[in-house]
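# Summary of structural features
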Amino acid sequence: MVQRSGEGLLSPNAGIAIGPILFIVAILAILAAAIAAGSGSFTAGTTQEANKTKSSALIQIGDTLATGMARIMMSNVLDPEQIDTNVQNTTGLSALFSPVGGGISAPSVGMANYPLYDTWAFPKGNISGFGTAGNEILAVIPVSRGVCSEINNRVAGIAAVPPAGDYGTFLSTGASQATGDFPASSATWTVGATTTTTTGPTLHAVSTGCLYNTGAALGTGCGAGTCTAGPTTQFFFYQVLAVQ
């Protein structure tokens, strides 16, 4: 307020608009609280989306591998046991990853649990539910538990990891896989990362899926969380490539 000379009332000057400022402060406080509360769910959401993306990519890779195997068997008249699945071999009629063989590129390890150490393997074994007496050929790669669950959700209708089972070493030149259900039909499934179990569909006679293979020993240091070699998990995406 200022004093005027002469007669008449005093006139007000422009003051500070305290009301709008308090309103803005309140809005900022509400936004900060909302961001803090939602950060955890945002992280969980991105992880779930990443699992879905990886599972879709792996299923597509598995389908490509199966197509290449069918091509080399029919075009070059080869038995599954005669096919070379070494990803380093890219020449010759018997090589799956040769232009004149299977006609496909070696699969990427980018969707593996730890791409630096985890690799694709192509074990052979007689699996119940597939073929008769001959060895089936698989393509397998270690994946995270979350990706494993999402793969089974897409192919078997339940987001779960099958119970642990010994299905062999899962090495490219390794021992035969264990016979029997794949996995056992009488077992329960462990849901997510919890101990909750539920009965559900098995992977018996399912050509694409993900299982928990205790027969594949973890790589160096992986049990302590300091992996220096693969496999870095015992959860494996698998694709049956050839049935006999």
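Worth saying up front: this structure is predicted, and the values here are computed from it rather than measured.

## Quick word on unusual backbone geometry
- With omega at 0 degrees, the peptide bond leading from Gly-230 into Pro-231 counts as cis.
- With respect to the helices and strands, the residue Pro-231 is situated in the loop between β6 (208-212) and β7 (235-242).
- For Val-77, which is not glycine, the phi torsion reads 50 degrees and is therefore positive.
- Among the secondary structure elements, Val-77 is positioned in the loop between α1 (18-75) and β1 (124-125).
- When its relative accessible area of 67% is taken as the criterion, Val-77 is described as exposed.

## A closer look at the pattern of salt bridges
- Under the defined criterion, the tally for this structure stands at 3 salt bridges.
- The partner of Glu-49 in a salt bridge is Lys-52, and the shortest N-O contact between them spans 3.9 Å. Residue Glu-49 and its partner Lys-52 are both found in helix α1; the two are separated by 3 residues, about one turn of the helix.
- Salt-bridge contacts for Lys-124 lead to Glu-81; the nearest nitrogen and oxygen are separated by 3.5 Å. Placement of the pair is Lys-124 in strand β1 and Glu-81 in the loop between α1 and β1, with a sequence separation of 43 residues.
- Residue class for Glu-81 comes out partly exposed when judged on its relative accessible area of 38%.

## Digging into the layout of surface pockets
- Approximately 220 Å³ is the volume attributed to the largest pocket.
- Around the largest pocket, the lining comprises 17 residues; the ones closest to its centre are Ala-121, Thr-169, Phe-170, Leu-171 and Pro-231.

## Things to note about the nonpolar core
- Membership of the largest hydrophobic core comes to 26 residues, with the highest contact counts inside it found for Leu-58, Leu-65, Met-69, Trp-120 and Val-143.
- For this core, the leading source of residues is α1, giving 5 residues.
- In this structure, Leu-58 is in contact with Met-111, Trp-120, Ile-141, Val-143, Val-147, Ile-151 and Phe-237, ignoring residues within four places of it in sequence.
- Within the second largest apolar cluster, 15 residues are counted, among which are Leu-138, Phe-170, Leu-203 and Phe-236.

## Some details on the confidence of the model for the protein chain
- Per-residue pLDDT for the protein chain averages 81, and the proportion of residues at 70 or more is 76%.
- Confidence scores differ between elements of the protein chain, with strand β5 (residues 197-198) showing the lowest mean pLDDT of 62 and β7 the highest of 94.

## A look at a nonpolar patch on the surface
- Taken together, Phe-23, Ile-24, Ile-27, Leu-28, Ile-30 and Leu-31 make up a surface patch of nonpolar side chains, about 620 Å² in accessible area.
- One can find Ile-30 in helix α1.

## A closer look at the state of the cysteines
- In the structure shown here, the tally under the stated rule is 2 disulfides.
- The disulfide partner of Cys-222 is Cys-227, and the gap between their sulfur atoms is 2.0 Å.
- The buried category is assigned to Cys-227, whose relative accessible area is 16%.
- For the protein chain, the disulfide bridges join cysteines in the arrangement 1-2, 3-4, where the cysteines are counted in sequence order.

## Remarks on the environment of Ile-158
- One can find Ile-158 in the loop between α2 (145-156) and β3 (160-161).
- A relative accessible area of 17% places Ile-158 in the buried class.
- C-alpha of Ile-158 to C-alpha of Thr-202: the two residues are 44 residues apart in sequence and 9.8 Å apart in space.

Analysis parameters
- Residues numbered from 1 in each chain as written.
- Predicted model: local features only at pLDDT ≥ 70, side-chain atom pairs only at ≥ 80, totals over all residues.
- Heavy atoms only, no water.
- Helix = DSSP H or I, 4+ residues; strand = E, 2+ residues; numbered from the N terminus.
- Buried < 20%, exposed > 50% of the residue type's maximum accessible area, 1.4 Å probe, protein only.
- Salt bridge = Lys/Arg side-chain N within 4 Å of Asp/Glu carboxyl O.
- 1 Å grid on protein atoms, 1.4 Å probe; cavity = no way out; pocket = protein on both sides within 12 Å on 5 of 7 lines; lining within 4 Å.
- Points joined across faces, edges and corners; volume = space filled by probe spheres on them.
- Core = buried A, V, L, I, M, F, W, Y, C linked by side-chain atoms within 4.5 Å.
- Contact = heavy atoms within 4.5 Å.
- pLDDT = per-residue confidence, 0-100.
- Patch = residues over 30% accessible without salt bridge, like charges linked within 9 Å, V, L, I, M, F, W, Y side chains within 5 Å.
- Areas by Shrake-Rupley, 256 points an atom, 1.4 Å probe, with all protein chains shown as cover.
- Disulfide = S-S within 2.5 Å.

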